[in-house]
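Listed here are the chains, written in short residue letters.
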Amino acid sequence: MLDVLSITLPIFILIALGYVATRFGATSAADVRALGGFVLRFALPALIFKSLAQRPFAEIANGDYLLVYALGSLAAFAVAFAWARAWRPGDLAADAYQALGSSSSNSGFVGYPIALLVVGPPAAVALALCMAVENVIVIPLALTLAESAGHRGKSAPAIFAHILGRLARNPLIIGIALGAAASLSGIKLPTPIFRSVDMLALASGALALFTVGGSLVGLRLGGVVVDAARVVVGKLALHPLAVFAALTLTPHLDPQLRKAMLIYASAPMLGIYPLLGRSYGQEHIGAAALMAATALSFFTVSGLLLIL
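Criteria and cut-off values
Residues numbered from 1 in each chain as written. Predicted model: local features only at pLDDT ≥ 70, side-chain atom pairs only at ≥ 80, totals over all residues. Heavy atoms only, no water. Salt bridge = Lys/Arg side-chain N within 4 Å of Asp/Glu carboxyl O. Helix = DSSP H or I, 4+ residues; strand = E, 2+ residues; numbered from the N terminus. Buried < 20%, exposed > 50% of the residue type's maximum accessible area, 1.4 Å probe, protein only. Expected span 1.5 Å × (residues − 1). Phe/Tyr/Trp six-rings, centres within 6.5 Å; stacked < 30°, edge-to-face > 60°. Lys NZ or Arg CZ within 6 Å of the ring centre and 35° of its normal.

Quick word on the pattern of salt bridges
Pairing between side chains of opposite charge can happen when the charged atoms of each approach one another.
Now for step 1: By the definition in use, this model includes three salt bridges.
Now for step 2: The partner of Asp198 in a salt bridge is Lys50, and the shortest N-O contact between them spans 2.4 Å. Linking Asp198 in helix α10 (residues 191–202) with Lys50 in helix α2 (residues 29–53), this pair joins segments that are 148 residues apart in sequence.
Now for step 3: Assessed through its relative accessible area of 18%, Lys50 is described here as buried.
Now for step 4: With a shortest N-O distance of 2.8 Å, Arg230 and Asp227 are connected by a salt bridge. One end of the pair is Arg230 and the other is Asp227, both in helix α12 (residues 225–247) and three residues apart, which spans about a single turn.

Below you can see the structure in the form of structure tokens.
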């Protein structure tokens, strides 16, 4: 148990530090947004690029990993979506949004620092693969369903193509593409440029966790407990269980990557989840779910590490 706490406690201490610093004015909400933007646009893409560019392409083109994580995430999405539809039929956008919260993880800000401590360097490759699934499959699927509710005149393929066009400009996706291209081509960056990329990558872990804590300040649970609780149960229980079930399809997958995959699936929902809900009147549910899932994940992730 002490070994597990030595992994999880530092992670959540940094999250708590970000919360306390922002709650008591040492940092402002604007500071937190700026730090989050830096991590999303520069530090995490640099980390992903560096990790992929340094490895043989055969190692990162892991079809089994992509298939398993995609199947588990899509299964979690389908169950959560059906659950939401049965609970409150008629609001397609809200149901798709809540299903997204149950099937897409905060891989970069929470999952990666934990996976890095547990499995070491393979955590970065697993991060890139998980983000590829989340950004190319799960998030576009959810947003296509949600947007189709408000754009009856447009076809689902047109909406999906529009969303994919926006995601293609996502720095994380660009980092994955450039890292894979560098790995495939064998091109090595000049030392000064590589060191700059390395310095950006090293900044990702602590800043990401601090930002998560700061972003929780001001979030409230009131009035949306039932819907938020359903999203939290889906994220912290359904998603990791679905990924674990999918892992039975590939018993030969590298044990370290298996551990990393389960850790990523067990992380709370992505940090921008409340922001995505604004267009659908779901930001309060998203904020409450994010706050509760982040707090409870200390216990669920610690329990997972006891089993691994």
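Thoughts on helix α4 (residues 63–87)
Now for step 1: Under the 1.5 Å per step criterion, the end-to-end length of α4 is 36 Å for 25 residues, consistent within 8% with the ideal 36 Å.
Now for step 2: Of all the positions in α4, only Tyr65, Val68, Tyr69, Ala70, Gly72, Ser73, Ala76, Phe77, Ala80, Phe81 and Ala84 are classed as buried.

A closer look at helix α5 (residues 92–101)
Now for step 1: Where burial is concerned, most of α5 is hidden: 10 out of the 10 residues are buried.
Now for step 2: Those residues of α5 that fall on the buried side of the exposure criterion are Leu92, Ala93, Ala94, Asp95, Ala96, Tyr97, Gln98, Ala99, Leu100 and Gly101.

Some points on the packing of aromatic side chains
Now for step 1: Counted under the stated rule, the structure contains five aromatic pairs.
Now for step 2: Connected via pairs of aromatic rings, a cluster forms that spans Phe12, Phe298 and Phe299.
Now for step 3: In this arrangement the basic side chain of Arg23 is found over the ring face of Phe24, its NZ or CZ atom lying 5.4 Å from the centre.

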